[in-house]
Amino acid sequence: MDEAVQIVNDIRKGTIKPIYFLFGEEGYFIDKISDFIGDKVLTEEEKGFNQMVLYGKDVTIDDIVGNAKRYPMMAEKQVVIVKEAQHLSRNIEKLANYANNPQMTTVLVMCYKYKKLDKRKGLYKIIKKTGVVFESKKLYENQVSDWLRKNLVSSGYSISHKAAILLVEYLGTDLSRINNEMEKLKLALPTNSEITPKDIEEHIGISKDYNNFELKKAIGERNVVKATKIVTYFAQNPKDNPFVLTVTLLHSFFTQLLQYHGLKDHSPKNVASALRINPYFVGEFQTAAKNYPMKKVSAIISDLREMDLKGKGVGATNMLPSDLLKELLVKII
């Protein structure tokens, strides 16, 4: 995240490299950097003749090199952006010859999403010398909330801690998906607003009281009444609360709880670091550990795996997901 900011700041200052190879599992930062280069390196008047977007599935390495070697027209630089460059993975090393002696008046941007560039091979080593290699890594769940808050602050908004956790719990760690939902909220709310769980419920459709975040918390506390209410709500709204997602999140929670039991140091700082969770959740694990000893946690994980199979039709062809969820709740609590 900091490296992406540094790349953008360097471009703003006029430090522009001839090659940017952007790769990795998190597409959000790749898109942001390539979009920034596409928006800022050339003026609007220069873009007509000097900026092009190619797609990896439609071109070869030779096509890319041929375009990159052109000279700009009535401008100091040209920009060549190659999207979906991962389609060229079989021949990507062929780009090494160009990277070793790039056209200095060209800014070549390779968007190589969801794949890794082999750091042992020549292309990686050469671009490290002549350009920029950026690996866009997936953020851990405990990092996404901080990214979300910083992103909103930069655009004049803030978000309550519970609202941030609720979004991450519901949307996962896909930054592009979270950003799209935030853009919807920005359209609905005035600048300088603090986004609350109520706003999320009204504009995104995530219930602030009946969601996996609250279910996990109720189960950890052994709050049978609250957990039953949430499961009943899920049964009545199966499309918004898919069984497979609930089982996956609960499996993750109890797997982390098993790790918690195995830790020698239960200080909040160490727990947050070891489990890779937001410090906000440490209290939940402390409570859950008192209610579920290690042996019980192991049995629950086994039950969750069994329910996951049943949810996929293995051994329970006539059971509805809502019935499976109720059965699971009984087994856990």
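See the structure shown above.
Trainee: Mind showing me how you'd approach the pattern of salt bridges here?
Mentor: Pairing between side chains becomes possible if they bear opposite charge and their charged atoms approach one another. Here the structure, examined in full by the defined rule, presents 16 salt bridges. One salt bridge connects Lys208 with Asp209, and the closest N-O pair in it is separated by 3.2 Å. When its relative accessible area of 39% is taken as the criterion, Asp209 is described as partly exposed.

Trainee: What is the right way to read the pairing of strand β2 (residues 51-55) from this model?
Mentor: One face of the sheet, then the other: side chains in a regular strand alternate in exactly this way. Burial of the side chains of β2 is restricted to one face: Met52 and Leu54 are buried, whereas none of Gln51, Val53 and Tyr55 on the reverse face is. Here β2 runs beside strand β3 (residues 78-83); their pairing, made up of five bridges, is parallel. Each bridged residue has a counterpart across the sheet, and for Tyr55 the counterpart in β3 is Lys83.

Trainee: Hey, could you run me through helix α13 (residues 243-262) in this one?
Mentor: Counting along an α-helix, one turn takes 3.6 residues, and residues three or four places apart therefore face a common direction. Between the first and last C-alpha of α13 there are 29 Å, a value that for 20 residues agrees with the 28 Å anticipated at 1.5 Å per step. Here α13 has its buried residues at Phe243, Thr246, Val247, Leu250, Phe253, Phe254, Gln256, Leu257 and Tyr260. Residues of α13 that are buried make contact with α11 (212-220), α12 (224-236), α14 (268-275), α15 (282-291), α16 (294-311) and α17 (321-332).

Trainee: It is not clear to me how the nonpolar core should be interpreted in this structure. Could you clarify?
Mentor: Within soluble globular proteins, side chains that are nonpolar generally end up buried alongside one another. Of all hydrophobic cores here, the largest spans 43 residues; its most connected members are Tyr20, Ile37, Trp147, Leu148, Leu167, Met182 and Ile200. Counting residues in hydrophobic clusters, the runner-up holds 36 residues, among them Phe234, Tyr260, Ile277 and Met307.

Trainee: What is the right way to read the packing of aromatic side chains from this model?
Mentor: Aromatic ring pairs are defined here through the distance separating the ring centres and the angle between the ring planes. This structure, assessed with the given rule, holds 10 aromatic pairs. With a centroid separation of 5.5 Å and 85° between ring planes, the pair formed by Phe254 and Tyr292 is classed as edge-to-face. Highlighted residues: Phe254 in helix α13 and Tyr292 in the loop between α15 and α16, separated in sequence by 38 residues. An identical accessibility class is assigned to Phe254 and Tyr292; each is buried. Taken together, Phe253, Phe254, Phe285 and Tyr292 form an aromatic cluster joined through their ring pairs. In this arrangement the basic side chain of Lys216 is found over the ring face of Phe281, its NZ or CZ atom lying 4.5 Å from the centre.

Trainee: Can you help me understand the sheet that holds β3 in this one?
Mentor: Strands pair in a sheet through their backbones, by hydrogen bonds, and they do so in one of two ways: parallel or antiparallel. Strand order in the open sheet formed by five strands is β2-β3-β4-β1-β5, with parallel pairing between adjacent strands. Looking at which strands have only one partner, the edges of the open sheet turn out to be β2 and β5 (132-135). Sheet twist, expressed as the average angle between the axes of neighbouring strands with direction ignored, equals 15°. As paired elements, strand β1 (residues 19-24) and β5 share four bridges and run parallel to each other. Bridged to Leu22 within β5 is Phe134. Lying over the sheet, helix α2 (residues 27-40) contacts β1, β2, β3, β4 (106-113) and β5, oriented at roughly 160° with respect to β4. The strands touched by helix α4 (residues 61-68) within the sheet are β2, β3 and β4, with β3 carrying the most contacts at an inclination of about 165°.

Trainee: Whenever I open this one, a nonpolar patch on the surface confuses me. Can you help?
Mentor: Where nonpolar side chains cluster on the molecular surface, the patch consists of Phe49, Met73 and Met74 and spans about 370 Å² of accessible area. For Phe49, the location among the structural elements is in helix α3 (residues 44-50).

Trainee: Quick question: what am I supposed to make of α15 here?
Mentor: Those residues of α15 not exposed but buried are Val282, Glu284, Phe285, Ala288 and Ala289. One side of α15 carries all its buried residues, which in axial view fall inside an arc of 150°.

Rules behind the numbers
Residues numbered from 1 in each chain as written. Predicted model: local features only at pLDDT ≥ 70, side-chain atom pairs only at ≥ 80, totals over all residues. Heavy atoms only, no water. Salt bridge = Lys/Arg side-chain N within 4 Å of Asp/Glu carboxyl O. Buried < 20%, exposed > 50% of the residue type's maximum accessible area, 1.4 Å probe, protein only. Helix = DSSP H or I, 4+ residues; strand = E, 2+ residues; numbered from the N terminus. Pairing = 2+ DSSP bridges. Expected span 1.5 Å × (residues − 1). Contact = heavy atoms within 4.5 Å. Core = buried A, V, L, I, M, F, W, Y, C linked by side-chain atoms within 4.5 Å. Phe/Tyr/Trp six-rings, centres within 6.5 Å; stacked < 30°, edge-to-face > 60°. Lys NZ or Arg CZ within 6 Å of the ring centre and 35° of its normal. Axes fitted to C-alpha atoms, helices over the stretch in contact; angles between N-to-C directions. Patch = residues over 30% accessible without salt bridge, like charges linked within 9 Å, V, L, I, M, F, W, Y side chains within 5 Å. Areas by Shrake-Rupley, 256 points an atom, 1.4 Å probe, with all protein chains shown as cover. Arc of directions from axis to C-beta.

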